[in-house]
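The residues making up each chain are set out below.
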Amino acid sequence: MAHLSVLETSVLEPLEPAFVEKTLAVSIKKIDLPRNVLCVLTVFGYPVQGASLLPNPRRPQRPEHPLPPTTSKRGLILRSGETNHISTLGKTKLSQELGVTKIFDLRSDKERAKFGSDPALNIPNVEVICVPARTVEPKEDLKTIFGRFGGNGDQGFVDAYRAILEQGQKAFRGIFEFVRDELHSGNGCLIHCSLGKDRTAIAAMLILELAGVTDEEIMRDYALTRVGAEPMREVTVARFAELLQDPDVAESAANALGCRPSAMRATIAMLHEEYGGAAGYLKNNLGFSGGDVGRMVETLTGRA
């Protein structure tokens, strides 16, 4: 794979088509849409291969690629952006080929009302659980929110992701109950928000960190969102065009729509410093017992 710096390309600039196709073929599944392609990243179920980033010096690194191959009975955990326009063929692939039995929709009620609700998908034998993972204050608008991502390096992401960890506890509790109770039996799930890179990425970070995946690979998984989002890039730019063209917040908005590996590195450091890592967050914030966490680790690592 090309150097990961390519994944820091602004959402305003298209990625090289050959690079996108190659990366999609190796790292990301594609689900048919009538107009675009929903790109689904496998959070858990396939060993991650490829380039590595500089390790986090704050704590020792665990062995790379600890997850066993997909011959295990356990199901897949997938993540994506919004699923509103998925085709009939795409629905069949999700439920029958990928074994998805639950969809966790982390968007707000306002987002679902504006862009489409997952329950309208009507996929047989797939339960949709809608629990917002972020609370927006009534007086906050996107200009205010995006303005926090300018001129302060990765701090805007760390602050936003800390808020998701605090406000999304009900949503994350449901996801990890699925990991504890259903993943081992072969059932899979799809986790998504609007763009699949913030609320969904925090869920992915917690799952991967709990499974013992290195910081490097978690950062790489996060950065790959830039490729997964490329088929919908023009739609995203059009959706946020007003902000991306506003001289007061254009740079901040473009930054907010990115997924730099360094932002995830800083977020992982915050997770450990403030929450005691994924295991600490599950026990102290989500209310899981040590036995629950151990059971999830066994399922995720295949050590049961």
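All values derive from a computational prediction rather than experimental measurement.

Here is what the cut-offs are and how they apply
Residues numbered from 1 in each chain as written. Predicted model: local features only at pLDDT ≥ 70, side-chain atom pairs only at ≥ 80, totals over all residues. Heavy atoms only, no water. Helix = DSSP H or I, 4+ residues; strand = E, 2+ residues; numbered from the N terminus. Buried < 20%, exposed > 50% of the residue type's maximum accessible area, 1.4 Å probe, protein only. Areas by Shrake-Rupley, 256 points an atom, 1.4 Å probe, with all protein chains shown as cover. Phe/Tyr/Trp six-rings, centres within 6.5 Å; stacked < 30°, edge-to-face > 60°. Salt bridge = Lys/Arg side-chain N within 4 Å of Asp/Glu carboxyl O. Axes fitted to C-alpha atoms, helices over the stretch in contact; angles between N-to-C directions. Parallel < 35°, antiparallel > 145°, perpendicular 65-115°, else oblique. Contact = heavy atoms within 4.5 Å. Nonpolar A, V, L, I, M, F, W, Y, C, P; charged D, E, K, R; others polar. Core = buried A, V, L, I, M, F, W, Y, C linked by side-chain atoms within 4.5 Å. Pairing = 2+ DSSP bridges. Polar contact = N/O pair within 3.5 Å; in protein donor to acceptor, adjacent residues only side chain to side chain. pLDDT = per-residue confidence, 0-100.

In this section: the overall build of the protein chain. A count of helices and strands for the protein chain gives 15 helices and 6 strands. When burial is assessed residue by residue, the protein chain has 52% of its 304 residues classed as buried. Of the accessible surface of the protein chain, which amounts to about 13400 Å², a share of 52% is contributed by carbon and sulfur atoms.

This part covers helix α8 (residues 215–223). Counting buried residues along α8, 9 of its 9 residues qualify, which places the element largely inside the surrounding structure. Among the residues of α8, those classed as buried are Asp-215, Glu-216, Glu-217, Ile-218, Met-219, Arg-220, Asp-221, Tyr-222 and Ala-223.

Glancing now at the packing of aromatic side chains. Evaluation of the coordinates by the stated rule reveals 6 aromatic pairs. For the pair Phe-146 and Phe-240, a centre-to-centre distance of 5.5 Å together with 40° between the ring planes defines the contact as tilted. With Phe-146 in helix α4 (residues 142–147) and Phe-240 in the loop between α10 (233–239) and α11 (241–244), this pair connects stretches of sequence that are 94 residues apart. For Phe-146, a relative accessible area of 8% translates into the label buried. On the accessibility criterion, Phe-240 (12% relative accessible area) is buried. Between Tyr-275 and Tyr-281, the ring centres sit 5.5 Å apart and the planes meet at 80°, which makes this aromatic pair edge-to-face. Following the ring pairs from residue to residue traces out a cluster consisting of Phe-149, Phe-157, Tyr-161 and Tyr-222.

Another point: the pattern of salt bridges. Within this structure, the stated rule accounts for 18 salt bridges. Between Lys-102 and Glu-127 there is a salt bridge, with the nearest N and O atoms lying 3.9 Å from each other. Residue Lys-102 is found in strand β4 (residues 100–105), and its partner Glu-127 is found in strand β5 (residues 127–130); the two are separated by 25 residues along the sequence. The partner of Arg-233 in a salt bridge is Glu-230, and the shortest N-O contact between them spans 3.5 Å. By relative accessible area, Arg-233 is classed as buried at 11%. Classification of Glu-230 by relative accessible area gives buried; the value is 13%. Where salt bridges share partners, they join Lys-102, Glu-127 and Glu-182 into one cluster.

So, about the packing of helix α5 (residues 155–167) against helix α7 (residues 199–210). One way to put it is that α5 packs onto α7 with a least axis distance of 10 Å and a crossing angle of 75°. As far as their axial angle goes, α7 and α5 are roughly perpendicular. Contacts between α5 and α7 involve Tyr-161, Ile-164 and Leu-165 on the former and, on the latter, Arg-199, Ile-202 and Leu-206. For the contact of α5 with α7, the class distribution of residues is 5 nonpolar, no polar and 1 charged.

One broad trend across soluble globular proteins is that nonpolar side chains are buried collectively. Judged by nonpolar contacts, the single largest core of 62 residues is most densely connected at Phe-172, Phe-176 and Leu-206. Broken down by element, the residue count for this core peaks at 9 residues, all from α7. Grouped together as the second largest cluster of nonpolar side chains are 11 residues, Ile-86, Leu-98, Ile-103 and Val-126 included.

Here strand β6 (residues 188–192) lies mainly inside the structure; 5 of its 5 residues are buried. Alternating positions in β6 separate into two faces, Gly-188, Leu-190 and His-192 on one and Cys-189 and Ile-191 on the other, with burial throughout. Summarising the sheet, strand β3 (residues 77–80) and β6 pair through 4 bridges and their orientation is parallel. Of the residues in β6, the one forming a bridge with Leu-78 is Leu-190.

Right, let's get into helix α14 (residues 277–284). Residues Gly-277, Ala-278, Gly-280, Tyr-281 and Leu-282 constitute the buried set of α14. Among the structural elements, α5, α6 (169–181), α7, α13 (261–275) and α15 (290–301) are those in contact with the buried residues of α14.

Another aspect to go through is unusual backbone geometry. Although it is not a glycine, Asn-125 sits at a positive phi angle of roughly 65°. Residue position: Asn-125 is located in the loop between α3 (109–115) and β5.

Moving on: the environment of Asp-198. In this structure, Asp-198 sits in the loop between β6 and α7. In contact with Asp-198, other than residues within four places in its own chain, are Tyr-161, Ile-164 and Tyr-222. There is a polar contact of 2.7 Å between the side chain of Asp-198 and the side chain of Lys-197.

With that out of the way, let us pick up the confidence of the model for the protein chain. Summary statistics for the protein chain give a mean pLDDT of 83 and a share of 81% for residues scoring 70 or more. In the model, residues 46–72 has pLDDT below 50 throughout and makes 60 contacts with residues more than four positions away in sequence or in other chains.

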